[in-house]
Amino acid sequence: MNISYNWLKSYLPFDLSPAEVAALLTSIGLETGRVEEIQPVRGGLAGLVVGEVLTCVEHPRSDHLHVTTVSTGAGEPLQIVCGAPNVAAGQKVVVAPVGTTLWQGEEKCVIRRSRIRGEESLGMICAEDEIGIGTDHTGIIVLPPDTEAGTLAKDYYHIESDWALEVDITPNRVDATSHYGVARDLAACLQEDGCPVALRRPPVDAFATDEAAEAVTVEVVDTEACLRYSGVTVRGVKVAESPEWLKNRLRVIGLRPINNVVDITNFVLHELGQPLHAFDVSKIKGGRVVVRTMPEGTKFVTLDGVERTLGAQDLMICNAGEAMCIGGVFGGLDSGVTEETTDVFLESACFHPSWIRRTARRFGLNTDASFRFERGLDPNQTVHALKRAALLVCEIAGGTVAGRIQDVYPEEVKPCRVDVSYRKINALTGVTIPPGTVKSILASLEMEIVSESADGLSLLVPVYRVDVRRDVDVIEDILRIYGYNRIGFREHLQSTLSYRTDADSSYRLENLISEQLCGAGFHEIINNSLTPLTHCDGLTSFPAERAVMIENPLSADLNCMRQTLLFGGLQCIGHNLKHRNRQIRFFEFGACYSLRNPAEGEEGDGLLDRYGEEYRLGLWMCGSRVENSWAHPDEDSSVYELKAHVQHVMSRLGADGGVSSRRSTSDLFADGLEWQARSGATLGVFGIVHPKLLKRMDVDVEVYYAELNWKALLHEAQKRRVAATEIARFPEVRRDLALLLDREASFGDVERVAFESERRLLRRVALFDVYEGRNLEPGKKSYAVSFYLRDEGGTLAEKQIDAIMQKIQAGLERKLNARLR
């Protein structure tokens, strides 16, 4: 937000430079970046002076030039050759002596000593367009006869440079979104520094009204959305160009002047922080303003000419028959002030922040008014701002105030009461602030002390400080005015050192796995955690009723928190496929969110206990594994390739010990597996993504996906240390079994039972053949499985090998009903 230096000084007399003001504002929490000098006229008329034409004769070698002598009030008169037809002796003119710089747009011209057709010229007598104060070039500027020669042109035209201070307002400080609000904070700081400055609030004592005159009336139907609505009618105005001082005020802060009435509403907005709106009374049907919502689907054309479809939760400012304005957001096309307007109705209201934020986001509108209403305004200042605007309209545009102020204020908002103790102030600030200083700062911040004890204070916080509701908020305000730079360091530093936290370990392993996956040809992606609820349609694994909804979504496509990483990756896959990238390997680390299920006993007493958050690792694979290679035929990726990558991840973490798999019941997959740790915890799922989900996401190739629970993986990883070992000194022994199994049994079941039967010497289990078909009993299948044994202490004897294999075989027969073929 831009703040005008000169405008600021109109409320607070100080002798600080713009740079000093910027530094002081930054020190009290109103961070100020750029400080830019703004000149209403390029160059600020520097060097130009008022001169008197003493003599004027025709140029001896020209039929249109004149040779003049001009007194500039000091020194010898200057001889200047002038080509203007209206130059004459005795005139008071604007002179640019030698060395003066004039600007024509972005081009500058330096006046130099010259000879024009043989006659010396020591300057230039200027026209309006040559110095930037107008567009006339028919002749030179002729000033009134009583203008004193030697007067600086910038003083005659009241040209004053200003500075625009770019203040970065944090979302909680809506009270500082105006010049008076910034001046109020600056005054508190200066008073604490020992500068007795007096803050001047714009006066409205001169406000008067003709109560007998007819006025527009106001009715507020929706009092939840409209906390207060004030309005006043001004009749007999003349809409025209604004005076120069008003236009300059707006230009400095980056606003374009429009007309006097609209400029006044913008001026008061940036002066007091209260948005205003001006209606043409002739367009208020029935002479009545009604604040209400419109039926769902109502069409409304806004000031920018765009037709918008209203919702049932969009607050509208209406007349007796139709909507005129989207309340607190944007005006309508046909209700604003034009050059034909003679009577205006000024609106000054306070709307509920949530209503304004929801409407502004839905329509994609961000205006100066909505910016302030969304953060919460003081309903107790609407009338003061309204009187200020009405007085300016009467002064600048003429007219008189007709009828009483219409003020609908259903429930008055009272100051918030906050208790704060001196002990807590000193504990949080880290320094002992004397009680007298505390009370002085609070008084400068307009916080009223209603009671006091030896331990602390009871305060009434002004309504405009919507961000101050707790004692810590008050302490923060005290500290920023007291000065962060006044908090010193003790001679001894006290600290608690932690060598490594769980978060540190997680981050280290996350980087380790990321490097491993990137080395395997994967690319990391980062997706938005906000997704459309429609992703959950028809899913039982991630049902819509367990989605965490956003109360005020930016759009319907971002209205809930994701429950799975799958859909973000599918969107990336679809994008890449459209750009002809068909070798796709993605991975993503990210949090997923869901509502806990009370039926499962997951809900606690706290507000946040009903929400679940899990950090997960997702892997996607599709398309070609090998493409356009001279050494290898083209080959598509497979789900088993993805499985291998996941197993490598588990192995690298040391989380692969005792892991078993079973068929997944998740409806994300057409066919999938679920990994479980020995403890029973689910480590993740993987499989072939269901075609119906691919169709929903506009993906036309088969996609393989794995989603791992990162926290569960780290828990398993803590049980084993991954370290390099020497190459085995003794040979590995392989034994094969051809097993007849029930069709429902999986290789994961075989692997699990084998390791349960022999934990010490069994190193790995591999499946090398599967057969289902003729010559087998119904409901049966055949697995050919290899078992690899090794003893680190010596070579295995044949009897020892046979004993182990008999034990494994017995376990398979007992637990899986397996038989040797």
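Our subject is the structure listed above.
Residues numbered from 1 in each chain as written. Predicted model: local features only at pLDDT ≥ 70, side-chain atom pairs only at ≥ 80, totals over all residues. Heavy atoms only, no water.

Now for the packing of aromatic side chains. Summed over the entire model, instances satisfying the criterion amount to 14 aromatic pairs. Where Tyr5 meets Phe14, the ring centres are 5.9 Å apart and the plane angle is 70°; that geometry is what we call edge-to-face. The burial state of Tyr5 is the same as that of Phe14; both residues are buried. The interplanar angle of 85° and the centroid separation of 5.0 Å between the aromatic rings of Phe589 and Trp710 together place this pair among those described as edge-to-face. With a gap of 121 residues between them, Phe589 in strand β30 (residues 583-595) and Trp710 in helix α18 (residues 710-717) connect regions that are remote in the sequence. (Phe/Tyr/Trp six-rings, centres within 6.5 Å; stacked < 30°, edge-to-face > 60°. Buried < 20%, exposed > 50% of the residue type's maximum accessible area, 1.4 Å probe, protein only. Helix = DSSP H or I, 4+ residues; strand = E, 2+ residues; numbered from the N terminus.)

On to the packing of helix α6 (residues 244-252) against helix α7 (residues 260-272). Any two packed helices are characterised by how steeply their axes cross, that is the angle between the axes, and by the distance between the axes. Interaxial distance between α6 and α7 falls to 10 Å at its minimum, and their mutual angle equals 50°. Taken together, the axes of α6 and α7 are oblique relative to one another. Viewed along their axes, α6 and α7 form a crossing whose handedness is left-handed. Two secondary-structure elements touch here, α6 through Trp245, Leu246, Arg249 and Leu250 and α7 through Asn260, Asp263, Ile264, Asn266 and Phe267. Across the contact of α6 with α7, the residue classes tally to five nonpolar, two polar and two charged. (Axes fitted to C-alpha atoms, helices over the stretch in contact; angles between N-to-C directions. Parallel < 35°, antiparallel > 145°, perpendicular 65-115°, else oblique. Left-handed = near helix turned anticlockwise from the far one by under 90°. Contact = heavy atoms within 4.5 Å. Nonpolar A, V, L, I, M, F, W, Y, C, P; charged D, E, K, R; others polar.)

Another aspect to go through is the side chain of Asn319. Position of Asn319 relative to the elements: it lies in the loop between β19 (315-318) and β20 (323-326). There is a polar contact of 3.3 Å between the side chain of Asn319 and the backbone oxygen of Lys283. A polar contact is formed between the side chain of Asn319 and the backbone nitrogen of Glu322, at a distance of 2.7 Å. Aside from chain neighbours lying at most four places away, what touches Asn319 is Lys283, Ile284, Lys285, Arg288, Val290 and Met324. (Polar contact = N/O pair within 3.5 Å; in protein donor to acceptor, adjacent residues only side chain to side chain.)

With that settled, the discussion passes to unusual backbone geometry. Even without glycine at this site, Asp698 takes up a positive phi of about 60°. Relative accessible area serves as the criterion here: at 52%, Asp698 is assigned to the exposed category.

Overall, antiparallel pairing links the three strands, which are arranged β24-β26-β25 in an open sheet. Both outer strands of the open sheet, β24 (416-421) and β25 (448-452), are each paired with one neighbouring strand and no more. The sheet shows a mean angle of 25° between the axes of neighbouring strands, direction not considered. Note: β25 against strand β26 (residues 456-461), four bridges, orientation antiparallel. In the strand pairing of β26, Ile449 is matched with Leu459. Contacting β24, β25 and β26, helix α11 (residues 422-429) runs over the sheet at an angle of about 75° to β24. (Pairing = 2+ DSSP bridges.)

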